[in-house]
Amino acid sequence: MRLKTLVAVLGVGAVVACAPVQSGPTSSGTDEQTGQLRVWLFDEVNRGPKEAVVKEAISEFQGKHSGVTVDVQYIQVSSRAERFKAAFSDPKSAPDVAEFGNTDLAGYVSAGGFSELDLGKWDESKDLVPTILDTAKVDGKTYGVPWFVGVRALYYRTDVFTELGLKPPTTLDEIATTAREIRQKKPELIGISAGGKYLFAALPFIWAQGGDLAKSDGGKFTAAIDSAEAKAGVAEYTELIKDDICPPATCAGNGGDASVEAFRAGKAAMTIGGDFNRKSVDASSAAGKYGVVPLPGKDKGSIAPAFAGGNLLGVMKGTQRKTLATEFTQLLASKKYQQKMYTAMGNLPTFTDVQKQVADSDKFLEPFTKTLQSGTKFVPVTPAWAKIEAQAVVPTMLQEIVTGAKNVDTATADAAKTMNAAFTS
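In the annotation of an unreviewed UniProt entry, the chain is listed under the name ABC transporter substrate-binding protein and assigned to Lentzea pudingi. Taken directly from UniProt, the Sequence similarities (unreviewed entry) text for the chain runs: "Belongs to the bacterial solute-binding protein 1 family."

Under the definition given, this model contains 31 salt bridges. Note that Arg 321 and Glu 32 form a salt bridge whose closest N and O atoms lie 2.9 Å from each other. In this pair, Arg 321 sits in the loop between β13 (309–315) and α13 (322–332) while Glu 32 sits in the loop between α1 (3–10) and β1 (35–42), placing the two residues 289 residues apart along the sequence. A network of salt bridges, in which partner residues are shared, links Asp 123, Lys 126, Asp 127, Lys 335 and Asp 353.

A few words now on the packing of helix α9 (residues 228–238) against helix α19 (residues 408–424). Relative orientation and spacing of two packed helices are given, respectively, by the angle between their axes and the distance between those axes. Between α9 and α19, whose axes approach to 10 Å, the crossing angle comes to 120°. Here α19 runs oblique to α9, going by the angle between their axes. The crossing of α9 and α19 is right-handed. Together, Lys 231, Val 234 and Ala 235 of α9 and Val 408, Asp 409 and Thr 412 of α19 make up the contact between the two elements.

Right, let's get into the packing of helix α14 (residues 335–345) against helix α15 (residues 352–361). Remark: α14 packs on α15, axes separated minimally by 10 Å, with the N-to-C direction vectors making an angle of 30°. One finds that α14 runs roughly parallel with respect to α15. Note that α14 runs across α15; the crossing there is right-handed. For the pair α14 and α15, the contacting residues are Lys 335, Gln 339 and Tyr 342 in the first and Asp 353, Val 354, Gln 357 and Val 358 in the second. Considering only residue class, the contact of α14 with α15 consists of 3 nonpolar, 2 polar and 2 charged.

Here the focus is the state of the cysteines. Applying the stated criterion across every chain, the model contains 1 disulfide. Across the disulfide, Cys 246 is cross-linked to Cys 251 (sulfur-sulfur distance 1.9 Å). Because the torsion about its S-S bond is -90°, the bridge between Cys 246 and Cys 251 counts as left-handed. On the basis of relative accessibility, which here comes to 0%, the residue Cys 251 falls in the buried class.

Conventions adopted
- Residues numbered from 1 in each chain as written.
- Predicted model: local features only at pLDDT ≥ 70, side-chain atom pairs only at ≥ 80, totals over all residues.
- Heavy atoms only, no water.
- UniProt positions renumbered as here; feature names shortened; annotations may be inferred.
- Salt bridge = Lys/Arg side-chain N within 4 Å of Asp/Glu carboxyl O.
- Helix = DSSP H or I, 4+ residues; strand = E, 2+ residues; numbered from the N terminus.
- Axes fitted to C-alpha atoms, helices over the stretch in contact; angles between N-to-C directions.
- Parallel < 35°, antiparallel > 145°, perpendicular 65-115°, else oblique.
- Left-handed = near helix turned anticlockwise from the far one by under 90°.
- Contact = heavy atoms within 4.5 Å.
- Nonpolar A, V, L, I, M, F, W, Y, C, P; charged D, E, K, R; others polar.
- Disulfide = S-S within 2.5 Å.
- Buried < 20%, exposed > 50% of the residue type's maximum accessible area, 1.4 Å probe, protein only.

Pasting the structure below:
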């Protein structure tokens with residue numbers, strides 16, 4: 001998915017999972033083999049390349065299924081919560097197949113909106129990256145096929161680093177050290193463009209220290225953001241938003257978009273950005289003057305776990321054409337069409353071998369595929385996460401720390417209380 005749509009799905013504050021409805025559709029009990037298959041896909045700023053690939057898949061599918069037509073409707077990401085909620089309540093208005101964000105999954109499954117999928121008979125499924133496939137699961141059951149994935153790495157200005165005789169950081173600790181040195185020697189630059197609202201930049205610091213947002217015991221979640229390990233990661237990330245690196249007056253209110261924008265504008269020597277930010281950076285003042293490395297981990301040579309964002313394709317529970325819907329989902333999400341979507345849109349594939357193919361042909365992708373291969377992590381898979389995210393619990397916690405309103409211990413303890421209230425409500 002292109003930058004603006006992907007940011008809309010993955011950006012902090014923009015992910016608003018559909019609130020669970022009291023009762024979702026039940027299985028229709030029929031499995032018709034002909035008729036119209038209705039599909040919802042997310043719209044794009046420029047959906048032409050995506051639409052061309054989808055049309056090719058439709059042509060192939062219809063050629064193999066006599067009496068079957070596929071109708072695709074492109075829906076706005078911003079209105080998806082209302083659209084899906086209505087679809088779950090009224091199967092007649094619902095599609096058979098739909099694209100949706102992986103952070104929305106738990107809420108949609110809780111609402112009874114999507115069917116469990118058996119991928120065992122689909123030969124290609126064995127090559128899906130396991131940690132990415134996990135983002136399509138709730139309670140060990142699979143409800144979608146990962147269509148593409150987005151991860152973040154460390155962007156840095158090669159000209160600045162060469163001028164100052166610096167090398168990219170090789171541990172998380174070195175990020176602050178390097179950024180501080182850059183700002184000291186070039187005070188017109190932000191050492192690293194971080195943000196108090198940039199959840200997906202902060203998470204790798206927490207995970208690399210062995211911490212987590214929450215822990216699960218028998219399906220019941222409890223906040224873990226106040227554990228010693230998580231607090232170490234929070235402290236390490238918030239250290240970046242200081243006057244001698246990224247001043248709070250400038251950076252405390254920034255999310256991912258604003259953090260990357262400072263790098264694009266030539267105001268920052270480093271930032272944490274995604275593979276999906278590439279085209280935007282290449283169209284900026286930083287073009288031709290930057291490199292990307294995996295975000296380093298706690299120990300030298302390690303890679304910090306990244307958040308595995310992305311979109312899934314799933315089959316609606318109320319479909320009357322489950323076999324056809326499943327087959328079309330597997331075709332559109334197949335290696336062949338993921339490769340085509342990468343060529344058309346730059347979407348990073350979710351199959352190990354296809355990732356290698358695209359990385360071998362485009363060295364820019366190597367830091368991102370290495371990050372994926374080293375292991376990614378995800379937000380708590382529970383409908384309560386939608387409430388926690390809507391309340392901006394973690395970004396608020398980060399901002400309280402960087403502005404000096406609270407210390408790390410108090411801010412994380414308060415965040416844990418709010419999270420636990422959501423988990424138990």
